[in-house]
Amino acid sequence: MVPNRGQYVNAGQALPTIQSQQFELGLKGSRETFAWSLAAFDITRPVYADIEQSCDAGLNCTLSRQRDGDARHTGVEAGGSLRSGPFWLEGGMQWLMARRSGSQDSAVSGQRPVNVPAITFKAQLRYSLSSIPALTLGADLVAEGDRTVLPDDSSERVPSYAILGLNG
């Protein structure tokens, strides 16, 4: 839905239904205490953006929210889990090549889409206490690569980060 604000020439209008195209090929395996997965994927989805229609001398601009090309995400995802007695370990990693194409702004085409990290890692470790059956101790780790902030992939970025959480 286009924001219902005066600067939009199509204010309040519903945007057309968008449809993504996805291809994926994967493998999975498991045994009693171990499971793994590996998948390669290619996803193309339409992107909508605010396109400047006109501006007056006071820089008051009218905009139109409309389709502005596509974002293509190609990558590989791997994961696994292992159980041994009271321990359980699970993790996964994703490598992603995401790029914009067909934008009306030539500075955007070929760039990474906004807010999309190129690499992601997640892991969980759990330990079940035999003395207190309802209690499980755990640790979670999430790490992600940097993200772009502006569509033209300028120097503004959200830096890479990692979060470690403990729970019980």
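Here's a quick rundown of the structure. (Residues numbered from 1 in each chain as written. Predicted model: local features only at pLDDT ≥ 70, side-chain atom pairs only at ≥ 80, totals over all residues. Heavy atoms only, no water.)

## What about the overall build of the chain?
Counting its regular elements, the chain contains zero helices and nine strands. Along its sequence from the N terminus, the chain presents helices and strands in the succession β-β-β-β-β-β-β-β-β. Seen along its three principal axes, the alpha-carbon backbone of the chain occupies a region of about 75 × 35 × 30 Å. Out of the 168 residues belonging to the chain, those deemed buried represent 22%. Within the chain, contacts between residues separated by at least 24 positions form 49% of all contacts whose residues are at least 6 apart in sequence. Looking at the chain as shown, the accessible area adds up to about 11000 Å², and 55% of this sits on carbon and sulfur atoms. Considering the chain, the positive charge centre built from 15 side chains and the negative charge centre built from 17 side chains are found 6 Å apart. (Helix = DSSP H or I, 4+ residues; strand = E, 2+ residues; numbered from the N terminus. Buried < 20%, exposed > 50% of the residue type's maximum accessible area, 1.4 Å probe, protein only. Contact = heavy atoms within 4.5 Å. Areas by Shrake-Rupley, 256 points an atom, 1.4 Å probe, with all protein chains shown as cover. Lys, Arg positive; Asp, Glu negative; His and termini not counted. Charge placed at Lys NZ, Arg CZ, Asp CG, Glu CD.)

## Quick notes on the layout of surface pockets
The computed volume of the largest pocket comes to approximately 220 Å³. Surrounding the largest pocket, 16 residues form its lining, Val 47, Ala 49, Asp 68, Arg 100 and Pro 151 being those nearest its centre. No other element matches strand S2 (residues 34-55), which puts six residues into the lining of the largest pocket. Looking at side-chain class alone, the lining of the largest pocket contains nine nonpolar, two polar and five charged residues. (1 Å grid on protein atoms, 1.4 Å probe; cavity = no way out; pocket = protein on both sides within 12 Å on 5 of 7 lines; lining within 4 Å. Points joined across faces, edges and corners; volume = space filled by probe spheres on them. Nonpolar A, V, L, I, M, F, W, Y, C, P; charged D, E, K, R; others polar.)

## Concerning the pattern of salt bridges
Enumeration according to the criterion identifies eight salt bridges in this entry. Between Arg 157 and Asp 146 there is a salt bridge whose closest N-O contact spans 3.3 Å. Of this pair, Arg 157 sits in strand S8 (residues 157-158) while Asp 146 is found in the loop between strand S6 (136-144) and strand S7 (147-148), placing the two residues 11 residues apart along the sequence. Through salt bridges with shared partners, one network takes in Arg 112, Asp 146 and Arg 157. (Salt bridge = Lys/Arg side-chain N within 4 Å of Asp/Glu carboxyl O.)

## Some details on the side chain of Arg 126
Examined against the element boundaries, Arg 126 turns out to sit in strand S5 (residues 119-128). We classify Arg 126 as buried; its relative accessible area is 17%. Here Asp 140 takes part through its side chain, which lies 2.9 Å from a polar atom of the side chain of Arg 126. Look past the residues within four positions of Arg 126 in its chain and what remains in contact with it is Pro 86, Phe 87, Trp 88, Thr 136, Leu 137, Gly 138, Ala 139, Asp 140 and Asn 167. (Polar contact = N/O pair within 3.5 Å; in protein donor to acceptor, adjacent residues only side chain to side chain.)

## Brief notes about the environment of Arg 157
With a relative accessible area of 33%, Arg 157 lands in the partly exposed category. With 154 residues separating them along the chain, Arg 157 and Pro 3 place their C-alpha atoms 26 Å apart. What Arg 157 contacts, discounting residues up to four positions off in sequence, is Arg 112, Asp 146, Arg 147, Thr 148 and Val 149.

## A look at the side chain of His 73
Summarising the element assignment, His 73 is placed in strand S3 (residues 61-84). Apart from the residues within four sequence positions on either side, His 73 is in contact with Phe 41, Asp 42, Ile 43, Arg 45, Leu 96, Met 97, Ala 98, Pro 113 and Val 116.

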